[in-house]
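Coordinate inspection notes
Each chain, letter by letter, is given below.
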Amino acid sequence: VAGIIAGDFGSSEQQGVAPGARLVSASTASYAGSTEAFEAMANSVAIRVINMSARLGDLPVQVVDRGLNGRSNLVFVKSAGNDGPAAAGANTITNPGMAYNGLAVGAVDLNGRLASFSSTNRTDAGPFKPDLVAPGVNGLAPMPFDSNGDHNAGNDCERKFGGADARSFSSIVG
């Protein structure tokens, strides 16, 4: 996700959405858990955007809402999830994407329709989600390589990128 945000792929035509942004990555393993990692970022005056694309069951929606209250200069962005559209009366948005004060982002396919895997909330409880959608199919993103030159999204890549793991947050520093 960091590469999609601030990546520089070697040409002005192939860049992240915020080239030149300064990023901070915090693994929940570096803290007592996701609540502590989120609160550390939310309490930093330098951080402007907190991005979370992992599914974390231990970060309560209330913690996100409380951390964002009164912080007009801080935006929390969470992927909607990959559990597919919900049936009427159901919710597939992954935690903590249902936070009232956060943005849940769904995916659209190449035809501009909700991607088959993108999560939604179709209940009367809680906010309508996702809040917005973005291209999520066949996009350009950096692909990490392991020490053998093979594509690898596993542990070797996590070590290379500052210990970030599947339970990490990325932030844009203002």
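Residues numbered from 1 in each chain as written. Predicted model: local features only at pLDDT ≥ 70, side-chain atom pairs only at ≥ 80, totals over all residues. Heavy atoms only, no water.

Moving on to the overall build of the chain. When helices and strands are counted, the chain shows 4 helices and 8 strands. A total of 174 residues make up the chain; the buried ones form 39% of that total. Sequence separation of 24 or more characterises 69% of the internal contacts of the chain that already satisfy a separation of 6 or more. Approximately 9,500 Å² of the chain is accessible, and the part contributed by carbon and sulfur atoms is 52%. (Helix = DSSP H or I, 4+ residues; strand = E, 2+ residues; numbered from the N terminus. Buried < 20%, exposed > 50% of the residue type's maximum accessible area, 1.4 Å probe, protein only. Contact = heavy atoms within 4.5 Å. Areas by Shrake-Rupley, 256 points an atom, 1.4 Å probe, with all protein chains shown as cover.)

A word on the packing of aromatic side chains. Taken as a whole, this structure holds 1 aromatic pair when the rule is applied. With 5.5 Å between their ring centres and 90° between their planes, Phe 38 and Phe 76 make a pair best called edge-to-face. With Phe 38 in helix 2 (residues 34–42) and Phe 76 in strand 5 (residues 75–79), this residue pair connects regions lying 38 residues apart in the sequence. For Phe 76, a relative accessible area of 1% gives the class buried. (Phe/Tyr/Trp six-rings, centres within 6.5 Å; stacked < 30°, edge-to-face > 60°.)

Turning to the pairing of strand 1 (residues 8–11), a few remarks are in order. Sheet faces and side chains relate simply in a regular strand, where the side chains alternate between the two faces. Bridge analysis of strand 1 against strand 2 (residues 14–15) gives 2 bridges, and the strand direction is antiparallel. Within strand 2, the residue paired with Ser 11 across the bridge is Gln 14. (Pairing = 2+ DSSP bridges.)

Right, let's talk about a nonpolar patch on the surface for a bit. Taken together, Val 75, Leu 103 and Leu 132 make up a surface patch of nonpolar side chains, about 200 Å² in accessible area. Summarising the element assignment, Val 75 is placed in strand 5. Val 75 sits in the partly exposed class, given a relative accessible area of 35%. (Patch = residues over 30% accessible without salt bridge, like charges linked within 9 Å, V, L, I, M, F, W, Y side chains within 5 Å. Salt bridge = Lys/Arg side-chain N within 4 Å of Asp/Glu carboxyl O.)

Quick look at the pairing of strand 6 (residues 103–108) now. By the bridge criterion, 3 bridges tie strand 5 to strand 6 in an arrangement that is parallel. Paired with Val 77 across the bridge in strand 6 is Leu 103. Pairing geometry for strand 6 and strand 7 (residues 132–135), over 4 bridges, is parallel. When the bridges of strand 7 are listed, Gly 106 appears paired with Val 133.

Turning our eyes to something else, we now look at helix 2. Two residues of an α-helix separated by three or four positions point the same way, owing to the 3.6 residues in each turn. For helix 2, every residue scored as buried is listed here: Ser 34, Thr 35, Ala 37, Phe 38, Met 41 and Ala 42. One side of helix 2 carries all its buried residues, which in axial view fall inside an arc of 165°. (Arc of directions from axis to C-beta.)

Counted under the stated rule, the structure contains 2 salt bridges. A salt bridge links Glu 39 to Arg 66; the nearest nitrogen and oxygen atoms lie 3.6 Å apart. One end of the pair, Glu 39, is in helix 2; the other, Arg 66, is in helix 3 (residues 61–68), and 27 residues separate them in sequence. Given a relative accessible area of 30%, Glu 39 falls into the partly exposed group. For Lys 129, the salt bridge identified is with Asp 131, shortest N-O distance 2.8 Å.

The next thing to look at is the environment of Thr 92. Along the chain, Thr 92 falls in the loop between strand 5 and strand 6. Along the primary structure Thr 92 and Asn 121 are separated by 29 residues, whereas in three dimensions their C-alpha atoms are 6.1 Å apart.

As a further point, take the confidence of the model for the chain. In this model, the chain carries an average pLDDT of 77, and 73% of its residues clear a pLDDT of 70 or more. Looking over the chain, one finds the lowest element-wise mean pLDDT in helix 4 (residues 155–160), namely 34, and the highest in strand 6, namely 92. (pLDDT = per-residue confidence, 0-100.)

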